[in-house]
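Structural overview for review
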Amino acid sequence: MLVLLLLTGCLCTSAQTYIWPAPQVVTSGSTTLLLQPTFVFYSASTSGILSRAISRYENLIFNHEPWEASTSAVQGTIPLNQLTITILNSDETLQLYMDETYKLTIPSNGNIATLSAQTVWGALRGLETFSQLIIYDFANHVYLLKNAPWTITDFPSFTHRGLLVDSSRHFQPVSVIKRVIDSMAYAKLNVLHWHVVDSQSFPFESFSEPNLWEGSWSVNERYTQQDIRNIVGYARDNGIRVMIEFDIPGHAASWCTGYPEICPRPRCLEPLDPSVNATYDLLTSLFGEITGGEQGAGLFPENLFHLGGDEVDTTCWVTTSHIDQWMVDNRYTPDDAYMYIVEKAHSIVSSFGREPVNWEEVFDHFGNTLDAQSIIHVWLDHSKLAEIVAAGYRGILSNNDVWYLDHLETSWQQFYLNDLLEGITDPDQQSLVLGGEVCMWGETVDASDIFNTIWPRAAAASERMWSAASAVTDTDAALPRLQWFRCFLNSRGIGAAPVSNSVARQAPPAPSGCYLS
């Protein structure tokens, strides 16, 4: 048996065996197995999530016809008849620190392969890996699995591996968001950070505050609550958490269309007015509706609640007479008022069983005076993450210089080499780095170009967050596998742009086969 070197080689044909992201521990051999038309996925588990996943992967894997049992060209090839899936723990809680470990064993004598996982979430990740090992032999009309025996023991390096989608700057239809979720699962990302509203639009339906979505771009660009449930449920079936973000007190001008009383004045709309009870009454009502008022409930059962807090320009506060007087009466500076509204928002979501997440400016302003459960999301300065965890807070990394997908000139190599633990050597502090997110801000992205802007560069980040640090160091070695994965995404209907683009989402420069580029 030999160790498969996943990070080396030259991509020459679609028949070569690659896995993305690279598993933690993997060995393989040299035997080719033949999957029979009677091949089955079997599990004693009664999990509906697993059952639906098996149906999905049957359609993804066995998507060509005809499917022959054997031909003269493959006579004597050892048959593989079954994948047996074992889930050791029936708990299907989908939250931070979810267990995604799995072990996939495919013997060289064929017959039955096994996939064992602690939870259904690990089983989903293992099914994705299994699907990447199978190829269709067009010449002989058979499905093959090469390089058996396989033994793969796998788990993520970071628990939080996300993609931010901004549906405020440009509306993203439900069908597009679901396809984004599909693509995330193919790359083993596990968090959809939904930046659902911003200054430009408020497309979110609230029953408790029904005028809020008057701030949508149009009456046709809105999400009903059933749309939202469908998206969250679809993500859950793919093992993907949905973390909602309402970015306050800045980035909130769209709220003022329906509720002008929570904003400073008609020509100075944001940040939200910190001086009036109406602001906090609305936040309490809206956030209570979203969370169901308790941990793990509501439209968004995810326990992390992103409250934004970035780019707060307090000019509208100091130039609005009633807010300025409120600050004078309370002996507040504008920074004090900023802290006041941040703390009030934290208190509201905490009372509903949620852990607040904020962009790094909140830590820059208030440091270790923040409540201990706060999570800080770094976007300006990578080195800030080391300060955050040294202060005892948990952190998420999305440094804009290399992990913002709207920066079209940022290469996949830069995405790949972004070390989350740079400058953090203490093991206890390293454990406070939850992971990271690549961010698809929506100023220049709508349904027409979202996929070729996200992919394949987001895949480079996904391997950085999933695979062992020692395996994510060589971009030249990773290139053929990333080229293959881009073609793999295309074959599943995800419009990933060419890997070799100097500027993201450019079209292919000339006629070529995907697997030959």
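Residues numbered from 1 in each chain as written. Predicted model: local features only at pLDDT ≥ 70, side-chain atom pairs only at ≥ 80, totals over all residues. Heavy atoms only, no water.

1. Examining the packing of helix H6 (residues 277–291) against helix H9 (residues 334–351)
- Two numbers describe how H6 lies on H9: the axes approach to 10 Å, and their chain directions differ by 30°. Relative to H9, H6 is oriented roughly parallel. Relative to H9, H6 is oriented so that their crossing is right-handed. When H6 is examined against H9, the residues Thr279, Tyr280, Leu283, Thr284 and Phe287 are found in contact with a partner set consisting of Tyr340, Ile341, Lys344, Ile348 and Val349.
- Each residue belonging to the contact of H6 with H9 can be placed in one class, and the counts come to seven nonpolar, two polar and one charged. (Axes fitted to C-alpha atoms, helices over the stretch in contact; angles between N-to-C directions. Helix = DSSP H or I, 4+ residues; strand = E, 2+ residues; numbered from the N terminus. Parallel < 35°, antiparallel > 145°, perpendicular 65-115°, else oblique. Left-handed = near helix turned anticlockwise from the far one by under 90°. Contact = heavy atoms within 4.5 Å. Nonpolar A, V, L, I, M, F, W, Y, C, P; charged D, E, K, R; others polar.)

2. As for the confidence of the model for the protein chain
- Mean pLDDT for the protein chain: 95, with 97% of residues reaching 70 or above.
- Confidence drops under pLDDT 50 across residues 1–15; counting only partners more than four residues distant or on other chains, this segment forms 43 contacts. (pLDDT = per-residue confidence, 0-100.)

3. Here we look at the state of the cysteines
- Counted under the stated rule, the structure contains three disulfides.
- The side chain of Cys256 participates in a disulfide bridge whose partner is Cys263; the two sulfur atoms lie 1.9 Å from each other. Measuring handedness by torsion sign, the sulfur bridge of Cys256 and Cys263 sits at about -95° and is left-handed.
- Across the disulfide from Cys268 sits Cys316; the S-S distance is 1.7 Å. Disulfide Cys268-Cys316: the torsion about the S-S bond is -90°, which places it as left-handed. Here Cys316 lies in helix H7 (residues 315–318) and Cys268 lies in the loop between helix H5 (255–258) and H6, a separation of 48 residues in the sequence. Judged on exposure class, the residue Cys268 and its partner Cys316 are both buried.
- Disulfides within the protein chain link the bonded cysteines, taken in sequence order, as 1-2, 3-4, 5-6. (Disulfide = S-S within 2.5 Å. Buried < 20%, exposed > 50% of the residue type's maximum accessible area, 1.4 Å probe, protein only.)

4. Some details on the packing of helix H1 (residues 48–61) against helix H2 (residues 120–133)
- At a minimum axis separation of 11 Å, H1 and H2 run at an interaxial angle of 10°. Compared by their axis directions, H1 and H2 come out roughly parallel. Between H1 and H2, the residues in contact are Ile49, Leu50, Ala53, Arg56, Tyr57 and Ile61 and Val120, Trp121, Ala123, Leu124, Leu127, Glu128, Phe130 and Ser131, respectively.
- In the contact of H1 with H2, the residues fall into 11 nonpolar, one polar and two charged.

5. Observations concerning the sheet that holds strand S7 (residues 142–148)
- Taken in spatial order, the eight strands line up as S1-S8-S4-S5-S3-S2-S7-S6 in an open sheet, and their pairing is mixed. With partners counted over all chains shown, the strands left at the sheet margins are strand S1 (25–27) and strand S6 (134–137), one partner each. Shown here is a sheet whose adjacent strand axes are inclined to one another by a mean of 25°, direction ignored.
- Here strand S4 (residues 102–106) runs beside strand S5 (residues 111–117); their pairing, made up of four bridges, is antiparallel. Residue pairing for S5: Thr105 is matched across the bridge by Thr114. (Pairing = 2+ DSSP bridges.)

6. A word on the pattern of salt bridges
- The final tally for this structure, using the stated rule, is 14 salt bridges.
- In this structure, Glu100 engages Arg161 in a salt bridge whose closest nitrogen and oxygen atoms are separated by 2.7 Å. Of this pair, Glu100 sits in the loop between strand S3 (78–87) and S4 while Arg161 sits in strand S9 (residues 160–166), and the two are 61 residues apart along the sequence. Like Glu100, the residue Arg161 is buried in the burial classification.
- Residues joined in a network through salt bridges with shared partners are Asp166, Arg169, Asp198 and Glu443. (Salt bridge = Lys/Arg side-chain N within 4 Å of Asp/Glu carboxyl O.)

7. Section: the side chain of Ser183
- Turning to its location among the elements, Ser183 is positioned in helix H3 (residues 174–186).
- Relative accessible area serves as the criterion here: at 0%, Ser183 is assigned to the buried category.
- Apart from residues lying up to four places away in sequence, Ser183 is in contact with Phe451, Trp455 and Ile494.

8. Regarding H3
- The first and last C-alpha atoms of H3 sit 19 Å apart over 13 residues, in line with the 18 Å expected at 1.5 Å per residue.
- Residues of H3 that are buried include every one of Val176, Ile177, Val180, Ile181, Asp182, Ser183, Met184, Ala185 and Tyr186, and no others.
- With its phi angle positive at about 65°, Lys188 sits one or two positions after the end of H3. (Expected span 1.5 Å × (residues − 1).)

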